[in-house]
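A structural walkthrough
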Amino acid sequence: HPLPSSRDPLVGAFSARARLERGEISRCCGAVLSRCSAAEGAGALGSGGGSRGAACGGGRWSHWPVMLLARLSGPAAALRRGLATSAQSNAKVAVLGASGGIGQPLSLLLKNSPLVSRLSLYDIAHTPGVAADLSHIETRANVKGFIGSEQLPECLKGCEVVVIPAGVPRKPGMTRDDLFNTNATIVANLTTACAKHCPEAMICIIANPVNSTIPITSELFKKHGVYNPNRIFGVTTLDIVRANTFVAELKGLDPARVNVPVIGGHAGKTIIPLISQCTPKVEFPQDQLETLTGRIQEAGTEVVKAKAGAGSATLSMAYAGARFVFSVLDAMNGKEGVIECSFVRSEETECPYFSTPLLLGKNGIEKNLGIGKISPYEEKMIAEAMTELKASIKKGEEFVKSMQ
């Protein structure tokens, strides 16, 4: 097969040539790599260089699945072009809910990243098997599985980033809010453990409903006296990934070159894509804009229906979660200009929590970049989302107050 394009969104943190030189890729790939050397050296294999589409005209690429996974390990920030890195780090990352539909592919992507040196996997079942399976992959991250609440403290010890995809998935006919009672308890138990055993970690919540689980996490960290709003994130990256994809489809663009900020929350009409701020600039007739916005807002339901009771968005969510974690790790390593949207504590609107583009730094949120200039249609969407968003936030806060 021809060498895959290196313009994928998760591009560049795992240079193929660097892996070859470190002995992490079989030397049988060397001849193919040599044929690529004239086209930007390692850049031809995805280290974040320029135009590489026709770099590897010679030969066929019999090992491209290895290289494809190798490239799925870098960050792709919301405003992300040129932000990929090939640097290693020694980050200790935990995935809580690692045996689930999101947790397993997310753990695979994290295991494949040079940014991760230790990967701690936790769930109530099957994690030793998942960890054993991942540990056979020829990358540097050391993987260990933990099972049951008694092993959770050991799992979290020393972790710098904790990702929480744990919870039950949506089924046809269910809203994210229908998940509240079950997932609120799961998130409360897990984030309480984080507050006790890794209070300085970056906490990345995927478990729905994010509009409520982030207030739950914040209130529990406050209860334990370790609250830092700059380190608690609701992962809304999948909304941005979907918006980029759908806009690219309609305009015939490369989705890896499209960036649509998505603000607000992470459910239904609280998901507000800012098409007016899209890069590159795009325009749609009002009826098409409304249809596109509705699809972005209901894209999760589209997947739930398509899976016909077999689950919700797991693979795309794992991709989006990995992208967000890689951005956080890059920023922690001192990379400048790393920007992602996330649902966080905010003073940008009348809602105490709101998703906007954030400049990330070594200590989490370095600066909230706010909403920026928007269209009247987008202003209307924000106004219409406020009531639902406030109710979801209050529901999360009240849940913590009611806990024994």
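This text gives an overview of the structure that appears in the document. Because the structure is predicted, anything quoted here is derived from the model rather than measured. (Residues numbered from 1 in each chain as written. Predicted model: local features only at pLDDT ≥ 70, side-chain atom pairs only at ≥ 80, totals over all residues. Heavy atoms only, no water.)

1. Here's the deal with the overall build of the protein chain
Along the backbone of the protein chain there are 13 helices and 11 strands. Here the protein chain holds 404 residues, and the buried ones make up 57% of them. With the model as given, the accessible surface of the protein chain reaches about 16300 Å², and the carbon-plus-sulfur share is 53%. (Helix = DSSP H or I, 4+ residues; strand = E, 2+ residues; numbered from the N terminus. Buried < 20%, exposed > 50% of the residue type's maximum accessible area, 1.4 Å probe, protein only. Areas by Shrake-Rupley, 256 points an atom, 1.4 Å probe, with all protein chains shown as cover.)

2. Considerations on the packing of helix α8 (residues 210–223) against helix α13 (residues 376–402)
Taken N-terminus to C-terminus, the directions of α8 and α13 make an angle of 40°; their axes are 7 Å apart at the nearest point. The two elements α8 and α13 cross, and the hand of that crossing is right-handed. Contacts between α8 and α13 involve Asn211, Ser212, Pro215, Ile216, Glu219, Leu220 and Lys223 from the first element and Leu389, Ser392, Ile393, Lys395, Gly396, Glu397, Phe399 and Val400 from the second. When the residues that make up the contact of α8 with α13 are grouped by side-chain class, the tally is seven nonpolar, four polar and four charged. (Axes fitted to C-alpha atoms, helices over the stretch in contact; angles between N-to-C directions. Left-handed = near helix turned anticlockwise from the far one by under 90°. Contact = heavy atoms within 4.5 Å. Nonpolar A, V, L, I, M, F, W, Y, C, P; charged D, E, K, R; others polar.)

3. Brief notes about the nonpolar core
If you look at the biggest cluster of nonpolar residues, it comprises 59 residues, and the most contacted ones within it are Leu96, Leu156, Val162, Ile203, Val247 and Ile275. The leading source of residues in this core is α13, at seven residues. Leu156 has contacts with Ala94, Leu96, Val162, Ala193, Cys194, His197 and Cys198, leaving out every residue within four places of it along the chain. Counting 43 residues, the second-largest nonpolar core is a separate cluster that includes Leu106, Val130, Leu238 and Ala318. (Core = buried A, V, L, I, M, F, W, Y, C linked by side-chain atoms within 4.5 Å.)

4. What to know about the packing of helix α9 (residues 237–251) against helix α12 (residues 315–332)
In contact at an axis separation of 8 Å, α9 and α12 are set at 110° when each is read in the N-to-C sense. In terms of orientation, α9 and α12 fall into the roughly perpendicular class. Crossing of α9 over α12 shows right-handed handedness. Across from Thr237, Leu238, Ile240, Val241, Arg242 and Asn244 in α9, the residues of α12 making contact are Ser316, Met317, Tyr319, Ala320, Arg323 and Phe324. Across the contact of α9 with α12, the residue classes break down as seven nonpolar, three polar and two charged. (Parallel < 35°, antiparallel > 145°, perpendicular 65-115°, else oblique.)

5. Concerning the packing of aromatic side chains
Here the distance between the centres and the angle between the planes together describe a pair of aromatic rings. In the structure shown here, the tally under the stated rule is three aromatic pairs. Aromatic pair Phe180 and Phe399: ring centres 5.7 Å apart, planes at 90°, arrangement edge-to-face. Taken as a pair, Phe180 in helix α7 (residues 180–197) and Phe399 in helix α13 lie far apart in primary sequence, 219 residues in all. You'll find Phe180 and Phe399 in the same group, each marked buried. Centre to centre, the rings of Phe233 and Phe324 are 5.4 Å apart; their planes meet at 65°, and the pair counts as edge-to-face. Here the residue Phe233 occupies a position in strand β6 (residues 232–234), and Phe324 occupies one in helix α12, the gap between them amounting to 91 residues. Here Phe233 falls in the buried class, since its relative accessible area comes to 0%. When the ring centre of Tyr227 is taken as reference, the NZ or CZ atom of Lys222 above it lies at 5.2 Å. The ring of Phe180 has Lys395 lying over it, and the distance from NZ or CZ to the ring centre is 4.7 Å. (Phe/Tyr/Trp six-rings, centres within 6.5 Å; stacked < 30°, edge-to-face > 60°. Lys NZ or Arg CZ within 6 Å of the ring centre and 35° of its normal.)

6. Quick look at the environment of Ile232
By secondary structure assignment, the location of Ile232 is in strand β6. Residue classification places Ile232 among the buried positions, given a relative accessible area of 3%. Between the alpha carbons of Ile232 and Gly364 there is a distance of 8.2 Å; along the sequence they are 132 residues apart. Leaving out residues up to four positions away in the same chain, Ile232 has contacts with Ile203, Ile214, Thr217, Ser218, Phe221, Tyr227, Phe343 and Val344.

7. Concerning the side chain of Thr127
Take Thr127: it is sitting in helix α5 (residues 127–135). Residue class for Thr127 comes out buried when judged on its relative accessible area of 0%. Once residues lying within four places of it in the same chain are set aside, the contact partners of Thr127 are Ala98, Ser99, Leu121, Tyr122, Gly145, Phe146 and Ile147.

8. With respect to the pattern of salt bridges
Here the structure, examined in full by the defined rule, presents eight salt bridges. One network of salt bridges, in which partners are shared, links Glu249, Arg295 and Glu302. (Salt bridge = Lys/Arg side-chain N within 4 Å of Asp/Glu carboxyl O.)

9. Thoughts on the environment of Phe180
Using a relative accessible area of 4% as the deciding quantity, one classes Phe180 as buried. Spatially, the C-alpha atom of Phe180 lies 7.9 Å from that of Ser212, the residues being 32 residues apart in sequence. Beyond its immediate chain neighbours, meaning those up to four positions away, Phe180 contacts Pro209, Ser212, Ile216, Lys395, Gly396 and Phe399.

10. A short note on helix α10 (residues 286–297)
Compared with the 16 Å implied by 1.5 Å per residue over 12 residues, the 16 Å span of α10 between its first and last C-alpha is a close match. The inward-facing, buried residues of α10 abut α9, β8 (271–273), α11 (299–307) and α13. (Expected span 1.5 Å × (residues − 1).)

11. Quick notes on the pairing of strand β1 (residues 91–96)
Most of β1 is tucked away: five of the six residues are buried. As judged from the six bridges shared by β1 and strand β2 (residues 116–123), these two strands associate in the parallel manner. Looking at the pairing, Val95 lines up with Leu121 of β2. Tracing the backbone out of β1, into helix α4 (residues 103–111) and back to the parallel element β2 gives a crossover that is right-handed. Sheet topology places β1 next to strand β4 (residues 161–164); three bridges connect them, and they run parallel. From the neighbouring strand, Val95 faces β4, where its bridge partner is Val163. (Pairing = 2+ DSSP bridges. Right-handed = clockwise from strand over helix to strand, strands pointing away.)

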